[in-house]
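# Fold and contact review
The primary structure of each chain is shown beneath.
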Amino acid sequence: MASNSRAFVDTMTTDPPVLLLREHFDTLLEALKRRGFTVVGPTVSEGTIVYDELNRAEDLPVGWTDEQEGGHYRLKRRDDAALFGYVVGPQSWKKYLHPPRTRLVEARRDGNGDMTFADGDEAEPARLAFLGMRSCELHAMTIQDKVFLGSGPADSHYERRRKRIFSIGVSCGVAGGTCFCVSMGTGPEVTDRTPHDLALTEVIEEARHFFILTAGSDEGREVLAELPVTPAAQDDQAAAKERVSHAAATMGRRMEVGGVRELLRENPDHPRWDDVAARCLSCANCTMVCPTCFCTTVEDVTDLTGDHAERWRRWDSCFTMDFTWMHGGGARQSAKSRYRQWLTHKLSTWHDQFGSSGCVGCGRCITWCPVGIDLTREISSFRDDTPQPQPSEP
Ligand code: SF4
Ligand code: SF4
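Now for a description of the structure that goes with this document. Here the structure is a predicted model, which is why all the values come from computation and not from measurement. (Residues numbered from 1 in each chain as written. Chains lettered and ligands numbered in written order. Predicted model: local features only at pLDDT ≥ 70, side-chain atom pairs only at ≥ 80, totals over all residues. Heavy atoms only, no water.)

### Looking at the overall build of the protein chain
Regarding its fold elements, the protein chain presents 13 helices and 16 strands. Here the C-alpha radius of gyration of the protein chain, 22 Å, is about what a compact globule of 394 residues would show, namely 21 Å. Accessible surface, the protein chain: about 17600 Å² in total, of which carbon and sulfur atoms supply 50%. Averaging the locations of the 46 positively and 58 negatively charged side chains of the protein chain gives two centres separated by 3 Å. (Helix = DSSP H or I, 4+ residues; strand = E, 2+ residues; numbered from the N terminus. Rg over C-alpha atoms; globule rule 2.2 N^0.38 Å. Areas by Shrake-Rupley, 256 points an atom, 1.4 Å probe, with all protein chains shown as cover. Lys, Arg positive; Asp, Glu negative; His and termini not counted. Charge placed at Lys NZ, Arg CZ, Asp CG, Glu CD.)

This is the structure we're talking about:
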């Protein structure tokens, strides 16, 4: 992102919105490539929308949308050629900023038996332009910033990737069947509450297909200056707002967040935990797809000669038995204790640890849970069966 500061807080601009026609959309990718960025964003692969390198607008999921429900995901054709007519898929941007596997350290022994140690990670990761970050995903990145760059020592592996990105947010014109960003206050419109370099909203009318763009940083403004844009008319701005309002009004899910911290904190023995444990497979899918989950484990590997060793960090999950392994076994022996840990951390103790919820309402954990466990329904069931606690900050 444009700022190199530790907190990555960019100077938000109040530049008037501009309009870019669909036939000129490739100029955005070309401008980013000229500046040395590799553009990554949504594309169709194996029946899902994943994030990968994009060379032209046609690499986006043109004319596709997604149907999402608990344990259900299907791509379907739209009746137009929208570039962003879907919501989020199984992957999140954390795959680039906090990769599933990172080599931390390399150690080598030479012929004299002397050992040398080196940073195992890339010194200068690629400069990536994230095209198509939804508002919930920008909020998720802000949450991961607190985890990796917050009050303690910065995670250098995250930091060196994070400070090199350029982010292009997309306000949603459709809502997914499992989305609840409105409840979490994280969408569907990209706003100045989250740092971004550019933000856009797609509008398709009978005779025109265009994007309303705003800059969120100085570098974003520089990129805009290279594009064939025109000032956005009031009617065109209103059309973009109307689409985002439609998405907000058609969220697939909602969650009542007032008092949820206390609800979970004060009910560790609620019978609902047994109910969900009877359904949970402890497969860890929910944590792998979640854009804010960050837990890892560390593995050491050596070659057969013993002269070369590497230390790798890889994603782990509070749902695996080994995750809390100490002398005598794992701390969370049952599915009940593992699901309780995950949900309580997401919605309650995350506030104590990082000052916000750990959930942005993206709905991925609902869609990709093989048995369709749905945290919005779990919270609703807790409320139905529990005297209401006093509400606190959401
Ligand atoms: S807990 Fe579920 S809905 Fe919330 S951010 Fe994670 S994956 Fe998205
Ligand atoms: S809640 Fe669903 S996705 Fe998460 S571990 Fe249990 S079965 Fe797997």
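### With respect to the pattern of salt bridges
Per the counting criterion, the structure on display carries 37 salt bridges. Here R221 ties to D15 by a salt bridge, and the two come within 2.6 Å at their closest N and O atoms. Separated by 206 residues along the polypeptide, R221 in helix α6 (residues 218–225) and D15 in the segment before β1 (18–21) bring together distant segments of the chain. We note a salt bridge from R109 to D307, for which the minimum N-O separation is 3.2 Å. In this pair, R109 sits in strand β6 (residues 101–109) while D307 sits in the loop between β13 (296–302) and β14 (308–315), placing the two residues 198 residues apart along the sequence. Assessed through its relative accessible area of 33%, D307 is described here as partly exposed. By sharing partners, the salt bridges in this structure join R34, R35, R127, E219, E222 and E226 into a single network. (Salt bridge = Lys/Arg side-chain N within 4 Å of Asp/Glu carboxyl O. Buried < 20%, exposed > 50% of the residue type's maximum accessible area, 1.4 Å probe, protein only.)

### Things to note about the site of ligand 1
Every residue lining ligand 1 is accounted for by F180, C290, P291, W342, K346, C359, V360, G361, C362, G363, R364 and C365. Sorting the residues of the shell around ligand 1 by element identifies α11 (335–354) and α12 (364–367) as the ones contributing at least two each. Among the residues forming the shell around ligand 1, the class breakdown is eight nonpolar, two polar and two charged. (Near = heavy atom within 4 Å. Nonpolar A, V, L, I, M, F, W, Y, C, P; charged D, E, K, R; others polar.)

### Concerning the sheet that holds β6
Backbone hydrogen bonds hold the strands of a sheet together, and the pairing may be parallel or antiparallel. Spatial ordering of the open sheet is given by β7-β6-β14-β13, a layout of four strands whose pairing is antiparallel. What marks the edges here is a single partner per strand, and that holds for β7 (115–119) and β13. For this sheet the average axis-to-axis angle between neighbouring strands, irrespective of direction, equals 20°. Bridging between β6 and β14 involves seven bridges; their strand directions are antiparallel. Following the sheet pairing, R108 is matched in β14 by H308. (Pairing = 2+ DSSP bridges. Axes fitted to C-alpha atoms, helices over the stretch in contact; angles between N-to-C directions.)

### Regarding the site of ligand 2
The immediate surroundings of ligand 2 are formed by 13 residues, with C280, L281, C283, C286 and C369 found nearest. Residues that form the shell around ligand 2 fall into these classes: eleven nonpolar, two polar and no charged.

### Structural notes on the packing of aromatic side chains
Working definition: an aromatic ring pair is given by the centre-to-centre distance plus the angle between the planes. Tallying each qualifying case throughout the model produces 19 aromatic pairs. Three or more aromatic residues joined by ring pairs make a cluster, and in this case those are F148, Y158, F294, W350 and F354. If you follow K94 out to its NZ or CZ, it ends over the ring of W315, 4.6 Å from the centre. Stacked on the ring of Y86, the Lys or Arg R134 has its end atom at 5.3 Å from the ring centre. (Phe/Tyr/Trp six-rings, centres within 6.5 Å; stacked < 30°, edge-to-face > 60°. Lys NZ or Arg CZ within 6 Å of the ring centre and 35° of its normal.)

### Description of the packing of α11 against helix α13 (residues 375–384)
α13 packs onto α11 with a crossing angle of 90° between their chain directions and a minimal axis gap of 12 Å. When the axes of α11 and α13 are compared, the pair comes out roughly perpendicular. Of α13, the residues touching α11 (which contributes Y339, W342, L343 and L347) are L375, E378 and I379. Of the residues in the contact of α11 with α13, the class split is six nonpolar, no polar and one charged. (Parallel < 35°, antiparallel > 145°, perpendicular 65-115°, else oblique. Contact = heavy atoms within 4.5 Å.)

### Some remarks on the nonpolar core
Counting residues in hydrophobic clusters, the biggest one holds 32 residues, and the most contacted among them are F25, L32, F84, L131 and L198. Of all the secondary structure elements, the ones that give two or more residues to this core are β1, α1 (26–34), β5 (72–77), β8 (128–133), β9 (166–170), β10 (198–204), β11 (209–215) and α6. Of all the elements, α1 adds the most residues to this core, at four residues. Excluding its chain neighbours within four sequence positions, the residues that come into contact with L198 are L28, F166, S167, I168, G169, L213, T214, A215, G216, G220, V223 and L224. Counting 30 residues, the second largest nonpolar core, distinct from the first, contains F130, L138, V147 and V360. (Core = buried A, V, L, I, M, F, W, Y, C linked by side-chain atoms within 4.5 Å.)

### Here we look at helix α3 (residues 135–149)
With 15 residues, α3 should cover 21 Å at 1.5 Å per step; its first-to-last C-alpha distance of 20 Å lies within 8% of that length. Among the 15 residues in α3, 13 count as buried, and that is most of the element. (Expected span 1.5 Å × (residues − 1).)

### Re the sheet that holds β10
With mixed pairing, eight strands are arranged side by side in an open sheet as β3-β2-β8-β9-β10-β11-β1-β12. The open sheet has two edge strands, β3 (48–53) and β12 (230–231), and neither has a second partner. Two elements, β10 and β11, share seven bridges in a ladder whose sense is antiparallel. Paired with L198 across the two strands is A215, which belongs to β11. The strands touched by α3 are β3, β8 and β9; relative to β8, the strand with the most contacts, the crossing angle is about 130°.

### Description of the pairing of β9
The element β9 is largely enclosed, with a buried count of five among its five residues. As defined by bridge partners, β8 adjoins β9 across four bridges and the pair is classed as parallel. Bridge pairing in β9 links F130 to S167. Note that β9 and β10 share three bridges and pair parallel. Bridge pairing in β10 places V170 opposite L200.

### Notes on α6
Buried within α6 are the following residues: E219, G220, V223 and L224. Along the axis of α6, the buried positions cluster into a sector of 145°, meaning they face one direction only. (Arc of directions from axis to C-beta.)

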